[in-house]
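Results of the structural survey
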Amino acid sequence: MQADYDVIVADNLSNSVDTALERVKEITGKTAFFYQIDIRDKAALTEVFNQHPIDAVIHMAGLKAVGESCAEPLMYYQNNLDASMILFEVMQSFSVNKVVFSSSATVYGDPDTVPITEDFPLRMMNPYGRTKYMVEEMLRDITLASNMQAVLLRYFNPIGAHDSGLIGEDPHGIPNNLMPYIAQVAIGQREKLSVFGGDYPTVDGTGVRDYIHVVDLAKGHVKALERIAETETKQGQCLTYNLGTGRGSSVIEVINAFEKVYGDKINYEIVERRPGDVPEYFANPQLANEEMGWRAEKSLDDMMTDTWRWQSQNPNGYKDD
Ligand code: UFG
């Protein structure tokens, strides 16, 4: 919205709240059109396309918890694949031919080497990752057969919050991911962080990831829209980019960086490895830089500062509104 796009949001609010959109209005001074629909409801989605001329779609609707996907695989295939197929069908019927898809670095699985470039072999390790891969494949096929232009963005580990402290991550229940867990220990909602594994072949034995500030990630989407807006070919095209910083940080490094802005110690304990975790991965983000002019600008310290601002200003997330 700050890049001057008119935004239409379609969300079933299964893992979000519309308060976030009120907060977006405070930040931007603009209102997004909002439809509380499930995009698997083809009639409801068609109505949205009937209401607005649409230039491009950013498709980030999907379930995204690795553990849950192993317990409920069918729910993941049903939700993530059906939603995508219906969306692409509706787009085609309205001749909307530009799409940016939220994919994930999870498609690389456990890479042989780091940093990871986009041409690395794809080795998904769980149903969630396979749904991301399958939607990528769908788009590769659709773009070959039509004038659809797609950009697949493979996110590394998004963390942080908007620097206003107004919008941020508010997971349901016990957080699966490192950053919201640390933030909840800091605010006193959880007693202790479990660090999963201290004996990996990494800098200090803990898992290494490429953490990327969520605002840098958002800007990557704006760049992707610009990238496909400029390619007005008749033939379709499917482009793939890593969105990461190119820098890996261990769990201990993240804890230390958080403690600097928090001003106190985070209670943690090193425990067993978490099944399915990969020791180390981080991106080579050069292609996104060369072809889209995008580069992550924010540091790990920015990510910690913004996470803590969000969590301390909103101890209960959006629940207090
Ligand atoms: N970790 C802990 N304790 C916790 C949570 C995590 O030590 O309580 C560790 C993990 O073992 C890992 C690191 O912190 O080393 C990051 O773990 P996250 O759960 O935050 O993130 P993952 O790298 O496991 O996965 C995330 C998303 C996936 C996505 C993947 C792609 O959750 O959806 O990044 O890079 F597919």
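Note that the structure is a prediction, hence the values are computed from the model and not measured.

1. Examining the pattern of salt bridges
One pass over the structure, following the stated rule, counts 17 salt bridges. For Asp4, the salt bridge is made with Lys30, and the minimal N-O distance between the two is 3.3 Å. Of the two residues, Asp4 is situated in the segment before β1 (8-10) and Lys30 in the loop between α1 (19-28) and β2 (33-35); the sequence distance between them amounts to 26 residues. With relative accessibility at 66%, the residue Asp4 sits in the exposed group. Given the relative accessible area of 29%, Lys30 is considered partly exposed. A salt bridge links Asp38 to Arg40; its shortest N-O distance comes to 2.7 Å.

2. Observations concerning the packing of helix α2 (residues 42-51) against helix α4 (residues 73-93)
α4 packs onto α2 with a crossing angle of 40° between their chain directions and a minimal axis gap of 10 Å. The pairing of α2 with α4 is recorded here as oblique in orientation. Along this stretch, α2 crosses α4, giving a crossing that reads as right-handed. Counting all contacts with α2, which are made through Lys42, Leu45, Thr46 and Phe49, the residues of α4 involved are Ile86, Leu87, Glu89, Val90 and Met91. Class assignment for the residues of the contact of α2 with α4 results in six nonpolar, one polar and two charged.

3. Considerations on α1
Three or more residues of α1 are buried, namely Thr19, Ala20, Arg23 and Val24. Looking straight down α1, one finds that the buried residues subtend no more than 150° of arc, so they occupy a single side. If you follow the buried residues of α1, they end up packed against α10 (300-313). Trailing α1 by a residue or two, Gly29 shows a phi angle of about 75°, which is positive.

4. Concerning the side chain of Thr143
Turning to its location among the elements, Thr143 is positioned in helix α5 (residues 127-145). The exposure class assigned to Thr143 is buried, which follows from its relative accessible area of 4%. Separated by 2.8 Å, the side chain of Thr143 and the backbone oxygen of Leu139 make a polar contact. For Thr143, the contacting residues outside a window of four places in its chain are Met148, Gln149, Ala150, Gln235, Gly236, Gln237 and Cys238.

What counts and what doesn't
- Residues numbered from 1 in each chain as written.
- Predicted model: local features only at pLDDT ≥ 70, side-chain atom pairs only at ≥ 80, totals over all residues.
- Heavy atoms only, no water.
- Salt bridge = Lys/Arg side-chain N within 4 Å of Asp/Glu carboxyl O.
- Helix = DSSP H or I, 4+ residues; strand = E, 2+ residues; numbered from the N terminus.
- Buried < 20%, exposed > 50% of the residue type's maximum accessible area, 1.4 Å probe, protein only.
- Axes fitted to C-alpha atoms, helices over the stretch in contact; angles between N-to-C directions.
- Parallel < 35°, antiparallel > 145°, perpendicular 65-115°, else oblique.
- Left-handed = near helix turned anticlockwise from the far one by under 90°.
- Contact = heavy atoms within 4.5 Å.
- Nonpolar A, V, L, I, M, F, W, Y, C, P; charged D, E, K, R; others polar.
- Arc of directions from axis to C-beta.
- Polar contact = N/O pair within 3.5 Å; in protein donor to acceptor, adjacent residues only side chain to side chain.

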